[in-house]
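Architecture at a glance
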Amino acid sequence: MTVRSAALLLHRRSSTGPEIWLGHMGGPFWARKDDGAWSLPKGIVEAGDTDELGAARREFAEEMGVEAPDADYLPLGDFRTSGKVIVVFAGAAPDFELTEVRSNTFELEWPPRSGRTQAFPEIDDARWFTLDVAAEKLTKGQRPILDALRELLATGEGA
């Protein structure tokens, strides 16, 4: 069975063009990485979830520490990456700002084979990026999502 994740893709227009909201993945593996270490706020669609947009909003709140902004979210599509499928909902959020990420955490034995378990935030930073910069920051598997957003914005929808 393929794992499904649900994600919100917040976007806004700025003087330098469209921008999207990304989160930097937390934990020791990603701590010293920047390019390729950012992601859309997302999480697994749980068994019993009948509303994937609702799941995406829940996961956003868990990873950012605040409710997802009100927006007219449009389905952007399903994207296969890293053995799972991410269903993405895009929404214009021109006024969304966040000064502090208060993400949920995960536990990991760290350092490896130490017998010590530590908690790490799923997301340790989040901010707006232009689409060109986001193409460098996003994990490789999520980069096709940017093309879908560009197509959506070119139609005038989702603005």
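Residues numbered from 1 in each chain as written. Predicted model: local features only at pLDDT ≥ 70, side-chain atom pairs only at ≥ 80, totals over all residues. Heavy atoms only, no water.

Observations regarding the overall build of the chain
What the chain contains, in helices and strands, is three helices and nine strands. Each helix (α) and strand (β) of the chain, taken in turn from the N terminus, gives the series β-β-β-β-α-β-β-β-β-β-α-α. Principal-axis analysis of the C-alpha atoms places the extent of the chain at approximately 55 × 35 × 25 Å. Counting the 159 residues in the chain, one finds 44% classified as buried. Within the chain, contacts between residues separated by at least 24 positions form 64% of all contacts whose residues are at least 6 apart in sequence. Taking the 18 positively charged and 27 negatively charged side chains of the chain as two groups, their mean positions are separated by 7 Å. (Helix = DSSP H or I, 4+ residues; strand = E, 2+ residues; numbered from the N terminus. Buried < 20%, exposed > 50% of the residue type's maximum accessible area, 1.4 Å probe, protein only. Contact = heavy atoms within 4.5 Å. Lys, Arg positive; Asp, Glu negative; His and termini not counted. Charge placed at Lys NZ, Arg CZ, Asp CG, Glu CD.)

A word on the UniProt feature "domain: Nudix hydrolase" (unreviewed entry) in the chain
Annotation from UniProt places "domain: Nudix hydrolase" (unreviewed entry) at residues 1–151. As a span, residues 1–151 carries 19% helix and 40% strand, and end to end its C-alpha atoms are 30 Å apart. (UniProt positions renumbered as here; feature names shortened; annotations may be inferred.)

Comments concerning helix α1 (residues 52–64)
One turn of an α-helix holds 3.6 residues; hence residues three or four places apart share an orientation. Here α1 contains 13 residues, and its C-alpha end-to-end distance of 18 Å stays within 8% of the 18 Å for a straight helix at 1.5 Å per residue. For α1, every residue scored as buried is listed here: A55, A56, E59, F60, A61, E63 and M64. Where α1 is buried, its residues touch β1 (3–14), β2 (17–25), β4 (42–44), β6 (84–92) and β9 (123–130). Backbone nitrogen of L53 and a side-chain oxygen of the N-cap are separated by 3.2 Å at the start of α1; the cap is D51. (Expected span 1.5 Å × (residues − 1). Polar contact = N/O pair within 3.5 Å; in protein donor to acceptor, adjacent residues only side chain to side chain.)

Quick word on unusual backbone geometry
With the exception of glycine, most residues fall at negative phi, and the peptide bonds are largely trans. Each neighbour pair has its own omega, and for W110 with P111 the value is -5°, a cis peptide bond. Within the fold, P111 resides in the loop between β7 (105–109) and β8 (117–121). Look at S82: it is not a glycine, yet its phi comes out positive at around 50°. In this structure, R113 takes a positive phi of about 60° despite not being glycine. Tracing the sequence through the fold places R113 in the loop between β7 and β8.

Points about the packing of aromatic side chains
In the structure shown here, the tally under the stated rule is six aromatic pairs. The interplanar angle of 65° and the centroid separation of 5.8 Å between the aromatic rings of F60 and F96 together place this pair among those described as edge-to-face. Taken together, the residues span a long stretch of sequence, with F60 in helix α1 and F96 in the loop between β6 and β7 at a distance of 36 residues. Residues F60 and F96 agree in their burial class; the two are buried. Lying across the ring of F29, K33 places its NZ or CZ 3.8 Å from the centre. (Phe/Tyr/Trp six-rings, centres within 6.5 Å; stacked < 30°, edge-to-face > 60°. Lys NZ or Arg CZ within 6 Å of the ring centre and 35° of its normal.)

Notes on helix α3 (residues 144–154)
For α3, the complete set of buried residues consists of I145, L146, A148, L149, L152 and L153. Buried residues of α3, seen end-on, are gathered within an arc of 160° and therefore sit on one face of the element. Exposed and facing more than 90 degrees away from the buried side of α3 are E151 and A154. Those residues of α3 that are buried are in contact with β1, β2, β5 (74–81), β6 and α2 (131–137). Just beyond α3, the residue with positive phi is G156, at close to 90°. (Arc of directions from axis to C-beta.)

Examining the environment of R57
Mapping R57 onto the fold places it in helix α1. For R57, a relative accessible area of 26% puts it in the partly exposed group. With residues near it in sequence (within four places) discarded, R57 still touches L8, A68, P69, D70 and Y73. Separated by 3.5 Å, the side chain of R57 and the backbone oxygen of A68 make a polar contact.

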